[in-house]
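Analysis of the macromolecular model
Listed below are the residues making up each chain.
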Amino acid sequence: VQLQASGGGLVQAGGSLRLSCAASGRTFSSYTIGWFRQAPGKEREFVATISGSGGTTYYAESVKGRFTISRDNAKNTVYLQMNSLKAEDTAVYYCAAAQNPIDTIVIVTVGEGPYDVWGQGTQVTVSS
């Protein structure tokens, strides 16, 4: 599978953006997808993950209640709806895939874990 992220941009604090992660390949539903972000001068951090079927999701505490991850396997696309954006959400956002024979989420606390396919990043800038 190959991934391409899009949808970033400049938004005012309190605003919303929807990121998309489009995938190629015929086995998209067998991949757990995660969103990560990296702010200038900081380590890349895990943001959210969704299982292959879309039935299970998980969020980092910093975005819980504001971000929603979803997927449309018919369109080979995962979305990250970001609401109530804050200046500290400014970062380059990446989507990544982990092939997973079990329909579960994959949470990482350090590094990339089993996510071994990465899209190019998309810049999100939130002005305060």
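Just above sits the structure.
This write-up is about the structure you can find in this document. Since the structure is predicted, the reported quantities are computational estimates derived from the model, not experimental observations. (Residues numbered from 1 in each chain as written. Predicted model: local features only at pLDDT ≥ 70, side-chain atom pairs only at ≥ 80, totals over all residues. Heavy atoms only, no water.)

Overview of the overall build of the chain
Where we set the bar: Under the DSSP-based scheme used, a helix requires at least four consecutive residues in state H or I and a strand at least two consecutive residues in state E, with every element numbered from the N terminus. Computation of the radius of gyration draws on C-alpha atoms alone. For the globule rule, the value is 2.2 Å times the number of residues to the power 0.38. The buried label applies to any residue whose accessible area, calculated with a 1.4 Å probe on protein chains only, is under 20% of its type's maximum; exposed applies above 50%, and partly exposed to all values in between. We call two residues contacting when some pair of their heavy atoms lies within 4.5 Å. Surface accessibility in these figures is a Shrake-Rupley result with a 1.4 Å probe; residues are shielded only by whichever protein chains are displayed.
For the chain, the helix and strand inventory stands at zero helices and eleven strands. Against the compact-globule benchmark of 14 Å for 128 residues, the chain has a radius of gyration of 13 Å, which places it among compact chains. Reported as C-alpha extents along the three principal axes, the dimensions of the chain are approximately 40 × 30 × 25 Å. Among the 128 residues that make up the chain, the fraction classed as buried is 45%. Across the chain, every contact between residues at least 6 apart in sequence was considered, and the portion connecting residues at least 24 apart equals 61%. When the accessible surface of the chain is split by element, carbon and sulfur atoms take 48% of a total near 6400 Å².

Considerations on the side chain of N76
Within the secondary structure layout, N76 lies in the loop between β7 (67-72) and β8 (77-82). N76 has contacts with C21, A22, A23, S24, G25 and F28, leaving out every residue within four places of it along the chain.

Focus: the layout of surface pockets
Where we set the bar: For cavity detection a 1 Å grid was placed over the protein atoms alone, and a set of points counts as a cavity when a 1.4 Å probe fits there but cannot get out; an open set counts as a pocket when protein lies on both sides within 12 Å along at least five of seven lines, with lining residues being those that have an atom within 4 Å of a point. Grid points are joined across faces, edges and corners, and a volume is the space filled by probe spheres set on the points. The residue classification treats Ala, Val, Leu, Ile, Met, Phe, Trp, Tyr, Cys and Pro as nonpolar and Asp, Glu, Lys and Arg as charged. All others, Gly included, are polar.
In this structure, the largest pocket encloses a volume near 160 Å³. Looking at the largest pocket, the residues that line it are R44, E45, F46, Y58, Y59, A60, E61, I107, V108, T109, V110 and G111. Among the secondary structure elements, those contributing two or more residues to the lining of the largest pocket are β5 (45-50) and β6 (57-59). Of the residues assigned to the lining of the largest pocket, the class counts are seven nonpolar, two polar and three charged.

Examining the environment of W118
As a reminder, the rule being used: Polar contact is the term for a pair of N or O atoms within 3.5 Å; when the atoms are in protein, one must be able to donate a hydrogen and the other to accept it, and sequence-neighboring residues count only if both atoms are side-chain atoms.
Within the element layout of this structure, W118 appears in strand β10 (residues 117-118). Judged by relative accessible area, which is 23%, W118 ranks as partly exposed. As a C-alpha pair, W118 and G41 span 77 residues in sequence and 20 Å in three-dimensional space. Side-chain polar atoms of W118 contact the backbone oxygen of Y115, separated by 3.0 Å.

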